[in-house]
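Breakdown of the fold
Given next are the chains, with one letter for each unit.
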Amino acid sequence: MTTAIVTTPYHEPHDDPTHVEIAARLKAIHRAIEQSGLLHRLIQLDARLATEEQIQAVHAARMLEQLHWASSEGGMLLNIDTYTTYGSWDAALGAAGASIQAVEAVVQGRVNNAFALVRPPGHHATPNQSMGFCMFNNVAVAARYALDVLGIERVAIVDFDVHHGNGTQDIFYNDNRVLFCSSHGYGATFYPGTGGANEIGKDVGYGFTLNLPLPFNVGDEGMLYLYERLVTPVIRNFCPQLILVSAGYDGHWDDPLGSMNLSVSGYARITEQLIALAHELCQGRIVFVLEGGYNIQALCACVIASLRMLLGNAPGPDPFGSVTANEPDLTILTRRLRQTHPLLQGLIV
Ligand SMILES: [Zn+2]
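Described below are features of the structure shown in this document. Please read all numbers here as calculations on a predicted model, not as lab measurements. (Residues numbered from 1 in each chain as written. Predicted model: local features only at pLDDT ≥ 70, side-chain atom pairs only at ≥ 80, totals over all residues. Heavy atoms only, no water.)

Moving on, we get to the side chain of His163. Inspection of the secondary structure assignment puts His163 in the loop between β6 (155-159) and α6 (166-171). At 3.1 Å, the side chain of His163 forms a polar contact with the side chain of Asp250. (Helix = DSSP H or I, 4+ residues; strand = E, 2+ residues; numbered from the N terminus. Polar contact = N/O pair within 3.5 Å; in protein donor to acceptor, adjacent residues only side chain to side chain.)

Listed below in structure tokens is the structure:
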């Protein structure tokens, strides 16, 4: 297997040491890749800045103007949890550009698969609003590039970040060319509060959104159960030509923001399923785009395990281990989605 990593130097000035989404996250990942011995096996691509036209394929022009102005003023809070600095404009264009490059390299067959190692994350950014640490929606910009420029007709986006990818959902809610599957913590107090099972798309996009709203403390077994029984058959029904993964690792049991009990090994088993699906359905074309993950050591371990699997190897040891807490019962959620979701009933495509 040939696997690319796309890295971006543009993220570094977008930093606030009082925040959890900091430049140290990516620096630690790069160090971990060097120490893992994987670096010589990976093809490294340097990110180009995305163009404003590429960003405007999914975001309103006003949103670009707002971020550009905030950066040129030296930075400010865009909203309560989303900071900017003088470097945020380039950081945001670099993260979106790296995601585009990863997709382009895979679709053009230059590599088998890829991981865009980017920040700021993107999946909360809606068509009109930066939010939740996210400036532009990196995975959505890359998906639109695949559809509009690279000739791809169907993209599946799987989002396993512990938070709902509300921005990605909004961008493709009425689009039947993009299947969006998100597993996430769900409840009145959990960010961003969207992603209910009844949010399944509208107009021509009806049925092309699958949300798995999860109670707290779901662990490896629960997640694998849901990915095997719900996510896998839905993606099979959709038959994508490309799979993108919004790869957030804040579902790890030791993450400070998370609500779940996933382990590094659990994430690796989900990754294994998604890679196998890509081989079955779309010549192995799969691209990971980094989202959350705020316990930096756990984040590094998860990324390294994912890279090993993209290279066709076993994930390696889990330095953190698993938690043994009882998992919540997911049979009611599973039954409800099977009975109500159009793609699980085989009613669409
Ligand atoms: Zn998250």
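Still more ground to cover, so stick around.
You can see Asn217 is positioned in the loop between β8 (209-214) and α7 (220-238). Residue Asn217 is classed as partly exposed on the basis of its relative accessible area of 40%. Separated by 32 residues in the primary sequence, Asn217 and Gly185 have C-alpha atoms spaced 8.8 Å apart. Discounting residues that sit within four places of it in the chain, Asn217 has contacts with Ser259, Met260, Asn261, Glu327 and Pro328. (Buried < 20%, exposed > 50% of the residue type's maximum accessible area, 1.4 Å probe, protein only. Contact = heavy atoms within 4.5 Å.)

In this description, an aromatic ring pair is defined by two values, namely the gap between the centres and the angle between the planes. Summed over the entire model, instances satisfying the criterion amount to 9 aromatic pairs. Centre to centre, the rings of Phe190 and Phe216 are 5.6 Å apart; their planes meet at 70 degrees, and the pair counts as edge-to-face. You can see Phe190 sitting in the loop between β7 (178-185) and β8 and its partner Phe216 sitting in the loop between β8 and α7, a full 26 residues away along the chain. With a relative accessible area of 9%, Phe190 lands in the buried category. (Phe/Tyr/Trp six-rings, centres within 6.5 Å; stacked < 30°, edge-to-face > 60°.)

The zinc ion binds to the protein through Asp161 (OD), His163 (ND1) and Asp250 (OD), with metal-donor distances spanning 2.0 to 2.1 Å. Of note, the zinc ion draws all its donor residues from one chain, in the sequence arrangement D-x1-H-x86-D. With a gap of 87 residues between them, His163 in the loop between β6 and α6 and Asp250 in the loop between β9 (242-247) and α8 (264-281) connect regions that are remote in the sequence. A relative accessible area of 8% means that His163 is categorised as buried. (Donors = N, O, S within 2.8 Å, 3.2 Å for Na, K, Ca; no water.)

Okay, unusual backbone geometry next. Cis geometry is adopted by the peptide bond preceding Pro120, which originates at Arg119 and carries an omega value of 0 degrees. Along the chain, Pro120 turns up in the loop between β5 (113-117) and α5 (138-148). Cis geometry is adopted by the peptide bond preceding Pro192, which originates at Tyr191 and carries an omega value of -5 degrees. Here Pro192 lies in the loop between β7 and β8. Residues other than glycine seldom take positive phi values, yet Asp203 does so here, at roughly 50 degrees. The exposure class of Asp203 is exposed, given its relative accessible area of 60%. Despite not being glycine, Gln283 shows a phi value in the positive range, around 50 degrees. Examined against the element boundaries, Gln283 turns out to sit in the loop between α8 and β10 (286-290). Overall, Gln283 belongs to the exposed group, its relative accessible area being 59%.

What follows deals with the packing of helix α1 (residues 23-36) against helix α9 (residues 296-310). Running from amino to carboxyl end, α1 crosses α9 at an angle of 50 degrees, the nearest separation of the two axes being 9 Å. With respect to α9, the element α1 is oriented oblique. Crossing of α1 over α9 shows right-handed handedness. Counted together, Ala24, Arg25, Ala28, Ile29, Ala32, Ile33 and Ser36 of α1 and Ile296, Leu299, Cys300, Val303, Ile304, Leu307 and Arg308 of α9 form the full contact between these two elements. (Axes fitted to C-alpha atoms, helices over the stretch in contact; angles between N-to-C directions. Parallel < 35°, antiparallel > 145°, perpendicular 65-115°, else oblique. Left-handed = near helix turned anticlockwise from the far one by under 90°.)

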